[in-house]
Structures are given as structure tokens and as C-alpha cells.
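Next come the chains, spelled out residue by residue.
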Amino acid sequence: MASLVFGQGNTRNVRTAGAPAPEFDRSLAWAALLLVSLGLVMVYSSSIATAEAGRYTGNNPAYFLLRHSLFLALALGAATAVFLVPVRLWQKAAPWFFAGCVVLLVLVLIPGIGREVNGARRWLNLGIANMQPSELMKLAVVLYAADYTVRKHAVLKNFRRGLLPMLAVMLVVAWLLLREPDFGAFVVVAVSAFGVLFLGGMSGRHFSALLGMLGAGFVLLVLSSPYRMQRILGFMDPWSDAYGKGYQLSHALIAFGRGEWLGVGLGASVEKLHYLPEAHTDFLLAVIAEELGLLGVVAVIALFVWVVLRAFFIGRQAALRERHFPALVAQGIGIWIGFQALINMGVNMGLLPTKGLTLPLMSFGGSGLIVNCVAIAVLIRIDWENRQLARGLNA
């Protein structure tokens, strides 16, 4: 099967004409800014009741707004700094960054170092905030998979020399993530990594086999875990036990139903008043649906679709200039953000089983927000370098 990235690029056909083109993809930047801005507003709206009633929040209704604002400021600062880093340096650092994230995943599992919340050990306590290494791993695996694909492209279709080493590394990462447990992060990491390998030229036969293995693994994990089985049963018929295993989904569906076309109005949600758990994180879209209606949900979906489309377009432009690592990174980021957003939306709408994945760029959570903004900055940097190269060719 022909590679989607390592095609025969013809840089002489990449030209600019007419008025000078902008220095970077402004539409991508605006889409991301609109998502984080709407996320800030909706995190505040969805978290007021929880913040007022929480002892650890000091009964401050603006607790989550203030923290999310701080995280957003840090995220934008990190994104600005990352934009200044040439992509070639990311390629050199990719194996070390990935290895560092693996070490962090190990540290999370060590008692006294990793922090346990609700039976899950996913955070490292940094004093003023918690860091979630699985969020860093999502970016690290895209960079590492892209670098691995470029280095191993000549033997990528060979299972033993090309695919097996990457598969072994991913099994280690999967084991660490499932020990936390963080099944949602595992799925996103696996799809992102093997999506990059497929775009880089993996054998279609090997890819199909991997899909079969992932499907079989998913079934085994569900059957071997009572709480995962309960989530599946709750997803299949949430109304059969609306106060038990179907509680989250039933209230999310009620929120969607109440919102109708234009919503009940910003701040007027009823479901966020201690009915819908995790309203400012996993189920933020349900509050958007209730307060802003179908129109608000469609706007959010459209913005995510645009981000993903621009990521693949930027990757294609890099591939035409034979910049294979940036091309794979751009498209890998598109897969990651698009797939995670798709899962979160599917869960909120009752199309997928409940899974603890936040809505990228929007939900409350410092680690996720910062890493997502850094990923967008890497995308914009790749596009900027594409345009600089095009200007040089057309000079």
C-alpha cells in the first residue's frame, strides 16, 4: 500500500501567487482560540455549584474559573515558547521526550509519589497543582512515532524489523496506563501511534492485524474488569438503572434534551446543579448542549472539524516539500485531537460507553489544556516553516 506521506513530492509546484500570504495559518489559530475561550466560559458556568459546595474550594464559586484561567495563561505562554522551537529540534528530542514520559508513568504508580483519587493513580503532586503524565504521553507518542517512522521507513513493511520494536514499546506504555488505570488515555495513545505508522507506510496487512488485536484486547479488558462491564451495560440501557450504572449518561441525555435548538441560556443549566457528575471536565459538552442548545454543539463540532482538517492539510503541505517528520507530526496531532474529541462527544451523546476523557482545549484540567495548546503551537510552527520554505522556493 502506498504511503500517504512518503509520496513523490514536487516542491516546484508549491507556489504562492497574488497578495502576500500570511506568516501562519490564522484560521487554525482562531479556531483554537475560540475553543479555549468558549471552554473558559463554560468551565465557569458548569462548575459554580460544585465550587460553592466544596470544602476544598473554600466555597468560592469562582474557584475553578480562577484555576482554569491560570492554566490557560500557562498554556498560552508555553505555546508561544514552543512556537519558537524549530521542528528539527523536536525530531532530535523525540526519543528522549518519550523516554522521560515513560519514567513519569512509572513514578505515578509508586506509592508516596503518585497521587490516588477515586481509586485511580494518575497524578504527580507538584505542590500547587497536579500533573497528569498520560497527557504528556499523548504528545510524546506522536513525536516518537513520527521519528520512528522516518528512521525505519525502509523496513517499515517488515514485521520483525519495522513493526515489532514499536509494538513492544507500545505494550510497555499500555501496561503502565492500564495499571493506573487510564483506559481512555491508552486508547488515544494507541490510535495516535499506529495512525502515524499507517500514514507513514505501514503494511495494510499488518495494520489490519493490529486493529484486530486492539479489538480483541478491548473485549478482554471489558470482560476481565467488573467496573468496565458495568459501564458497557449502563451505556446499552442507561434508563434501566438511572440512579446507578446509568446515572451519568441519563443526566447527560436529559441535558441534551433540555437544550433543544438554542438552549436554556448561558448559566441556566439545571443538570450542573449536582445532578451531572464531572460537569466541568468529562461532561462539559452536555452543559454546552443544555445552555447553548444544538447551535452551540454544532459550533463546537465545526471548530474541531476545522482544526483536524487544517492539521491534515498542513501535514500534506509538509509532505509535498519532503518534510516527512513534520508531515507525520501534523497529521498525528490531527488524529489525536480529533479522536479524543470524537470519543468525548460520543460519550456525552450516548453513542459510546462512558470513558474518562476530557474535551480537548475546553475541559477543566491543567495538564490537558497545556499539552493541547502546545500541540496546536507545534502545528502552527510546522505551517510557518512550510510557508517560509515556499517563499524561499518562489523568490
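These numbers were taken from a predicted model, which means no experiment stands behind them.

Engineer: What's the story with the sheet that holds strand β2 (residues 120–125) in this structure? I'm lost.
Structural biologist: Strand pairing in a sheet relies on backbone hydrogen bonds, with the paired strands running either antiparallel or parallel. Strand order in the open sheet formed by three strands is β1-β2-β3, and the pairing between neighbours is antiparallel. Bordering the open sheet on either side are β1 (114–117) and β3 (130–131), each of which pairs with just one other strand. Bridge analysis of β2 against β3 gives two bridges, and the strand direction is antiparallel. Along β3, the bridge assignment pairs leucine 124 with methionine 131. Sheet strands in contact with helix α3 (residues 87–108) are β1, β2 and β3, and its direction is about 110° off that of β2.

Engineer: Hey, could you run me through the nonpolar core in this one?
Structural biologist: Where a protein is soluble and globular, its nonpolar side chains tend to be buried together. Within the largest apolar cluster, 108 residues are counted, with the highest numbers of intra-cluster contacts made by Met137, Val300, Phe304, Val329, Ile333 and Trp336. Counting residues per element, this core draws most heavily on helix α10 (residues 284–320), which supplies 15 residues. Here valine 329 is in contact with Val142, Leu143, Ala146, Val378 and Ile382, once residues within four sequence places are set aside.

Engineer: I keep staring at the packing of aromatic side chains and nothing clicks. Help me out?
Structural biologist: The geometry of two aromatic rings is summed up by the distance between their centres and the angle between their planes. Under the criterion given, the structure shown has ten aromatic pairs. Clustering of aromatic rings is evident, with ring pairs tying together Tyr56, Tyr63, Phe64, Phe71 and Phe364. One residue, arginine 381, lies across the ring of phenylalanine 83, its end atom 6.0 Å from the ring centre.

Engineer: For this particular structure, what's the right way to read the pattern of salt bridges?
Structural biologist: Note on pairing: side chains with opposite charge can pair once their charged atoms come close. The tally for this structure, following the rule as stated, stands at ten salt bridges. The closest approach of N and O atoms between glutamate 23 and arginine 391, which form a salt bridge, is 3.9 Å. Here the residue glutamate 23 occupies a position in the segment before α1 (26–53), and arginine 391 occupies one in helix α12 (residues 366–394), the gap between them amounting to 368 residues. The class of arginine 391 is partly exposed, set by a relative accessible area of 27%. Residue arginine 323 is joined to glutamate 385 by a salt bridge in which the shortest nitrogen-to-oxygen separation is 2.3 Å. Of this pair, arginine 323 sits in the loop between α10 and α11 (324–348) while glutamate 385 sits in helix α12, and the two are 62 residues apart along the sequence. Since its relative accessible area comes to 14%, arginine 323 is described here as buried. Among the charged side chains, a network of salt bridges with common partners joins Arg323, Arg381 and Glu385.

Engineer: Please clarify how the packing of α1 against α10 should be interpreted in this entry.
Structural biologist: Packed helix pairs are characterised by how far apart their axes lie and by the angle those axes make with each other. At a closest axis distance of 10 Å, the pairing of α1 and α10 adopts a crossing angle of 155°. As far as their axial angle goes, α10 and α1 are roughly antiparallel. Two packed elements cross with a definite hand, and for α1 against α10 that hand is left-handed. Contacts from Ser27, Leu28, Ala31, Leu34, Leu35, Leu38, Met42, Val43, Ser45 and Ser46 in α1 reach Leu284, Val287, Ile288, Glu291, Leu292, Val300, Leu303, Phe304, Trp306, Val307, Arg310 and Ile314 in α10. Residues of the contact of α1 with α10, tallied by class, amount to 17 nonpolar, three polar and two charged.

What counts and how
- Residues numbered from 1 in each chain as written.
- Predicted model: local features only at pLDDT ≥ 70, side-chain atom pairs only at ≥ 80, totals over all residues.
- Heavy atoms only, no water.
- Pairing = 2+ DSSP bridges.
- Helix = DSSP H or I, 4+ residues; strand = E, 2+ residues; numbered from the N terminus.
- Contact = heavy atoms within 4.5 Å.
- Axes fitted to C-alpha atoms, helices over the stretch in contact; angles between N-to-C directions.
- Core = buried A, V, L, I, M, F, W, Y, C linked by side-chain atoms within 4.5 Å.
- Buried < 20%, exposed > 50% of the residue type's maximum accessible area, 1.4 Å probe, protein only.
- Phe/Tyr/Trp six-rings, centres within 6.5 Å; stacked < 30°, edge-to-face > 60°.
- Lys NZ or Arg CZ within 6 Å of the ring centre and 35° of its normal.
- Salt bridge = Lys/Arg side-chain N within 4 Å of Asp/Glu carboxyl O.
- Parallel < 35°, antiparallel > 145°, perpendicular 65-115°, else oblique.
- Left-handed = near helix turned anticlockwise from the far one by under 90°.
- Nonpolar A, V, L, I, M, F, W, Y, C, P; charged D, E, K, R; others polar.

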